[in-house]
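The chain contents come next:
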Amino acid sequence: MEHKTRKDIIHRFQVNFLAMSLLNTFPWDHLDEEIRNSNTSDIIEDILHKTCLHPICVKNPPSLKYRRRFLTELIKRQEKLSAEPLDILYEALGEVMCAQEEDLCFKTYLLPTGDAVSLAENVALISQGTTGLVTWEAALYLAEWTLENAHIFKNKTVLELGSGIGLTGIVLCRSCSLTKYIFSDCHQTVLQRLKDNITNCLANCDGVSVEELDWENVSDEQLQRIQANTIIAADVVYDPDIIACLVRLLSRLLNCKVEENHPDVYVASTVRNPQTYECFKKELERAGLRHVIMKDSVTQVFPYNRASTIEMIKIYV
C-alpha cells in the first residue's frame, strides 16, 4: 500500500466527503494504518473537523443519509482500532440521527486554488421529471478541461447548452476571463435551481445570464442575440429522441457567425450507451457537421469515477 501522510489522508477525506463520493472510494486502509502506527485515533477527530463539523458542511451540508453513513463508518473504524472513546463523534452522529431528511443537499467541489463551489442538488437522481437537478460525470470532466484550457475562453462569449445545476459554467466563470457567459436550460425547476447556485457561488455576476432555451423552438432572433463565440455542453447526448433536435440546434449555432467567424463547439459525453452516442455522430455527419475527438490528457481535480468512458469532441462546419 502506497504511504500517505496524515495531511494527505485528511485532505482526501475532506474532498471526497464534501463531494458526497461513494464511501468505498475513501482511503480507509490508509486511515487504519495511520491509527495503528500512531497508536491513537486523534486523526479521526481531525477528519471530523474537516468534514461534518467544517463550516462548509454546516452551511451547505451533504444529504443527511450520507452523513449518517459516513459517521457510522468512522465510528466503526475508531472502535475497532482504538480503545479511546470519542464523545465528539457520537454527538455528531446523534445530531444527524435526530434531524429530518430534506429533498435538497449540497455537493461541494474544491478548486485547485482551494476555493469551494457548493451546489444545491436534489437527493434523488431523477426528480420532478428531470435529470438536470444533479451533477453528472461529463460536467466534472468538462470543468477540469476548462481549467487546463482557460486561454480558449479568454474574452469570449460562451453559451452552455443544458447547464443543469451549473457546475461547469460556475467553474469557468470563477477561473477564466470571459466577456460573457450564458447558462441555458429548458426545465423551469432546473432554471430556478441554476439561478440559486449562481447567486450562491458567483460573487460577481457581471456578464452572466441565464436563458430559457428550448432546443426545438428556439428562434433565430434569440440565437443572434446571444452571439456566442464558443458553445459548450456536457452530458446532453443520452436520449435518442432528442439527438435530432440537438444536432439541428448545433448546426444553426455554427452558422451564426460572430465577427465573420464560426463559433467553436465542444461537447463532453459519458458514453453510457454506445449505440446512442454513435447515432449522435451519424446525425452530425448527415447535417454536414464534422467532429474531432479531443485527446488532451486532463488532470483529475474532482472526485468522480474516471473509469467511465468520457469523450469530448470539437464540432465544426
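Residues numbered from 1 in each chain as written. Predicted model: local features only at pLDDT ≥ 70, side-chain atom pairs only at ≥ 80, totals over all residues. Heavy atoms only, no water.

The chain carries the name Protein-lysine N-methyltransferase EEF2KMT isoform 1 in an unreviewed UniProt entry, which gives Danio rerio as its organism.

Notes on unusual backbone geometry
Our working rule: Helix numbering and strand numbering both begin at the N terminus, where a helix is a DSSP run of H or I of at least 4 residues and a strand a DSSP run of E of at least 2. Accessibility here uses a 1.4 Å probe with only protein chains present; expressed as a share of the type maximum, an area under 20% marks a residue as buried, one over 50% as exposed, and anything in between as partly exposed.
Located in the positive-phi region is Met-20, a residue other than glycine, with phi close to 55 degrees. Position of Met-20 among the secondary structure elements: in the loop between helix H1 (6-18) and helix H2 (28-38). A positive phi angle is found at Gln-227, which is not glycine, with a value near 50 degrees. Within the secondary structure layout, Gln-227 lies in the loop between helix H11 (220-226) and strand S6 (230-234). Among the residues examined, Gln-227 registers a relative accessible area of 32% and is labelled partly exposed.

Focus on the packing of aromatic side chains
Aromatic ring pairs are defined here through the distance separating the ring centres and the angle between the ring planes. What counts here: Note on aromatic pairs: the rings of Phe, Tyr and Trp (six-membered ring only in Trp) are paired at centre separations within 6.5 Å, and the planes decide the class, stacked below 30 degrees, edge-to-face beyond 60, tilted for the rest.
As enumerated under the stated definition, the model contains 13 aromatic pairs in all. Ring geometry for Phe-17 against Tyr-66: centres 5.9 Å apart, planes inclined by 40 degrees, an arrangement best described as tilted. Of the two residues, Phe-17 sits in helix H1 while Tyr-66 sits in helix H5 (residues 64-81), which places them 49 residues apart along the sequence. Residue classification places Phe-17 among the buried residues on the basis of a relative accessible area of 0%. With centroids separated by 4.8 Å and ring planes inclined at 50 degrees, the aromatic side chains of Phe-17 and Phe-70 adopt a geometry described as tilted. Here Phe-17 is found in helix H1, whereas its partner Phe-70 is found in helix H5, with 53 residues between them in sequence. On the basis of relative accessibility, which here comes to 0%, the residue Phe-70 falls in the buried class. The structure contains a cluster of three or more aromatic residues connected by ring pairs, namely Phe-13, Phe-17, Phe-26, Trp-28, Tyr-66 and Phe-70.

Concerning the sheet that holds S6
Rules: Pairing between two strands requires that DSSP report at least two bridges joining them. Between N-to-C directions, angles span 0 to 180 degrees; the directions come from axes that are lines fitted to C-alpha atoms, helices contributing only their stretch in contact.
Read across the sheet, 7 strands follow the order S5-S4-S3-S6-S7-S9-S8 without closing on themselves; strand pairing throughout is mixed. Each edge of the open sheet is held by one strand with a lone partner, namely strand S5 (208-212) and strand S8 (290-293). Strand-to-strand twist in this sheet, taken as the mean axis angle between neighbours without regard to direction, amounts to 20 degrees. Pairing geometry for strand S7 (residues 264-270) and strand S9 (residues 310-316), over 6 bridges, is antiparallel. The partner of Val-265 across the bridge, within S9, is Ile-315.

Comments concerning the pairing of S6
Burial of S6 is extensive: 5 of the 5 residues sit out of reach of the surface. Alternating residues of S6 divide into Thr-230, Ile-232 and Ala-234 and Ile-231 and Ala-233, and every residue in both groups is buried. Relative to S6, strand S3 (residues 157-161) is paired through 4 bridges, and the arrangement is parallel. Residue pairing across strands places Glu-160 opposite Ile-232, the latter belonging to S6. Pairing of S6 with S7 involves 5 bridges; the strand directions are parallel. Within S7, the position partnered with Ala-233 by the bridge is Val-267.

A few points about the nonpolar core
The tendency in soluble globular proteins is for nonpolar side chains to be buried side by side. Heads up, the rule is: As used here, the term nonpolar core means buried Ala, Val, Leu, Ile, Met, Phe, Trp, Tyr and Cys residues forming a set that is joined through side-chain atoms within 4.5 Å.
Membership of the largest hydrophobic core comes to 38 residues, with the highest contact counts inside it found for Leu-119, Trp-145, Phe-153, Leu-167, Ile-232 and Phe-302. Ranked by residue count, the leading element in this core is helix H7 (residues 137-148), at 7 residues. Counting residues in hydrophobic clusters, the runner-up holds 32 residues, among them Leu-161, Cys-256, Phe-280 and Ile-315.

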